[in-house]
Amino acid sequence: MIPPSRAPDAPTSGPAAAERGVLAFWREVERCRSAPLGGKARAGAVAGLEAWLEHGGAHVALLGPSGRGKSTLLGAWALELARAGRHEIAFVPVSRRFGTALESTALNLLYARVALFLRSRWRTGKRPHGVEEMRRVLASMLEEGRPPGSRPLVVILDGFDEGVSWTLDAAQRFLRDLGPGVRAVLSARSIEALGGLREGTEVVALPPIAVDEVAEAIGRRLGHLPASVKDEVARASGGEPLLVEALVEAFAQDPAAVAPALASVSAGAPGVLDLCAGGAIRPALPWLAGALAPIEEEELFAISTVNGGAWNELSGPLVAAGEPGLALRHPAWAEAIEGRLAPHERAAVDRRFADHGKRAFASGTVSDYVCRNWRAHLERVGASLAERIELASRAWLDVWRTRPDGSSGFIADVDATAACAARLLVDVATREGVMEALAAQVRCLLVTSSVREILGFEEARRALAALAAQDEEEEEEGPRAARAPPDHTSRCRAWARTSSTPGGRSPTPRSAPAP
């Protein structure tokens, strides 16, 4: 597991951006570990996970409402497992805040981690491209399992039900059949989120924080406060770690304003949201809830209908304002915000995001956010096939080709468009609709076939270029006749150096556990 301090010096888009999001996740885990909440609840859940690891089956699910602290617990537990050295760990956080919620992003992160520990022909020459192909490759690798005598692999997919554009049974497609030496941990809000994996999956429930621990946490962070204030925090938070932390942070920022209002705050996330979202920030919240990943402030302002003054107050317990852009600190806030919107209000927010992508594409000024999330926004508004077919165009391919992982992202968009056309072929009742859907499906199949063929040529070209560069280096060191011709293994290694990681970057060393 790569520690948070090892942040790569890389571009802020593509695989590097996703890895930076993962590193930001680990920094958040370390921050929460330095001042843990709910020791008794955490201890019981960790004991349940340890018992499963020792005697349980292939799958376990850590369940609890949004904001209960599942990610922090799993992250801390995974770090302890990695330090103990008895297991290999492949950990992927699925999170809007950290920019890893798209299925294509999460699966690419997962592949990069399990490929360190599992055999696959793809490791020596090329990477899978597109979501469907990635699912098949992951399923094959995980089903084959670990080599005999090697340390077991624990795959942890945290926040699975936070995924954007994931189907209910998405995890079942590659985590259902695990081979020898492979175990899987999923965290979710409910067992229903696991779809077909529910049967045979053990469950560990994470309870809320006890009242006495809430009072202890307040005293530890804020010093002496009246018992009545501690009781009100415990009441309003319901023992949910996210809400306790938000109230404590609000107290730290402005105790004179928070203390009088606390008594009238309703219990739960909506009430705490009201207390923490004062002033001009409130109109901006629906737009932050509508964003599917961190987004630049200027771009979010352009999408929204909010005046510029609101964005100056986006900080505090609700909003994370960091290098990747603005994002809500936790999906629990998005749930509370969207729960207050009328259906037409929520639809209007989603439509503004989708239309923003359309305008950006038409003007040729596509941001990284639009490139990676436009398809998901189109799906959220139920866009027509005529709108989605742009995702299978040459112009959209040109947009993706400027990104380090453009091939995988573009093919994922085309695959989703083809799936939309396939669904229409089943549903449409008119000949005109059938012909439109059939033409779109054929187009998508031709596009993906052509792009995959081009990718094969490009990977071979990079591999041959690497071999040529190696030959030149060795010729400078001595006569060509003095060395043996490169064998198949050396050629594969050269191929892997140039093709198995984005942009020809060297892969993570075999000895470094994967986050």
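Our subject in this report is the structure included herewith. (Residues numbered from 1 in each chain as written. Predicted model: local features only at pLDDT ≥ 70, side-chain atom pairs only at ≥ 80, totals over all residues. Heavy atoms only, no water.)

With respect to helix H7 (residues 211–222)
Its 12 residues place the ends of H7 17 Å apart at the C-alpha level, agreeing with the 16 Å of an ideal helix rising 1.5 Å per residue. Burial in H7 covers these residues: Glu213, Val214, Ala217 and Ile218. Projected down its long axis, H7 shows its buried positions confined to an angular sector of 140°, all on one face. Where the residues of H7 are buried, they touch helix H2 (39–55), helix H8 (227–237) and helix H9 (241–253). After H7 finishes, the residue Gly223 shows a positive phi value of roughly 80°. (Helix = DSSP H or I, 4+ residues; strand = E, 2+ residues; numbered from the N terminus. Expected span 1.5 Å × (residues − 1). Buried < 20%, exposed > 50% of the residue type's maximum accessible area, 1.4 Å probe, protein only. Arc of directions from axis to C-beta. Contact = heavy atoms within 4.5 Å.)

Regarding the pattern of salt bridges
Summed over all chains, the structure comprises 27 salt bridges. Among the ionic pairs, Glu132 bridges to Arg135, the shortest N-O distance being 2.8 Å. Separated by three residues within a single helix, Glu132 and Arg135 lie in helix H5 (residues 131–144), roughly one turn from each other. According to the relative accessible area criterion, Glu132 is partly exposed, its value standing at 34%. A salt bridge links Asp161 to Arg189; its shortest N-O distance comes to 2.9 Å. Of this pair, Asp161 sits in the loop between strand E3 (153–158) and helix H6 (172–175) while Arg189 is found in the loop between strand E4 (182–188) and strand E5 (202–205), placing the two residues 28 residues apart along the sequence. (Salt bridge = Lys/Arg side-chain N within 4 Å of Asp/Glu carboxyl O.)

Re the environment of His377
Within the fold, His377 resides in helix H16 (residues 368–380). Note: C-alpha distance between His377 and Phe353 (24 residues apart in sequence) is 6.5 Å. In this view, His377 contacts Gly290, Leu292, Phe353, Ala354 and Tyr369; residues no more than four positions away in its chain are not counted.

Topic: the packing of helix H15 (residues 343–363) against H16
The relative placement of two packed helices comes down to the angle between their axes together with the axis-to-axis distance. Contact geometry for H15 and H16: axes closest at 9 Å, N-to-C directions at 135°. Taken together, the axes of H15 and H16 are oblique relative to one another. Every pair of crossing elements has a handedness; the one defined by H15 and H16 is left-handed. Where H15 abuts H16, its residues Arg346, Asp350, Phe353, Ala354, His356, Gly357, Lys358, Ala360 and Phe361 lie against Tyr369, Val370, Trp374, His377, Leu378 and Arg380. Within the contact of H15 with H16, the residues separate by chemical class into eight nonpolar, three polar and four charged. (Axes fitted to C-alpha atoms, helices over the stretch in contact; angles between N-to-C directions. Parallel < 35°, antiparallel > 145°, perpendicular 65-115°, else oblique. Left-handed = near helix turned anticlockwise from the far one by under 90°. Nonpolar A, V, L, I, M, F, W, Y, C, P; charged D, E, K, R; others polar.)

Let's talk about H9
It helps to recall that an α-helix has 3.6 residues per turn; residues three or four apart then point in one direction. Spanning 13 residues, H9 covers 18 Å between terminal C-alpha atoms, matching the ideal 18 Å at 1.5 Å per step. Within H9, 10 of the 13 residues are buried, leaving the element largely enclosed by the surrounding structure. For H9, every residue scored as buried is listed here: Pro241, Leu242, Leu243, Val244, Glu245, Ala246, Leu247, Val248, Ala250 and Phe251.

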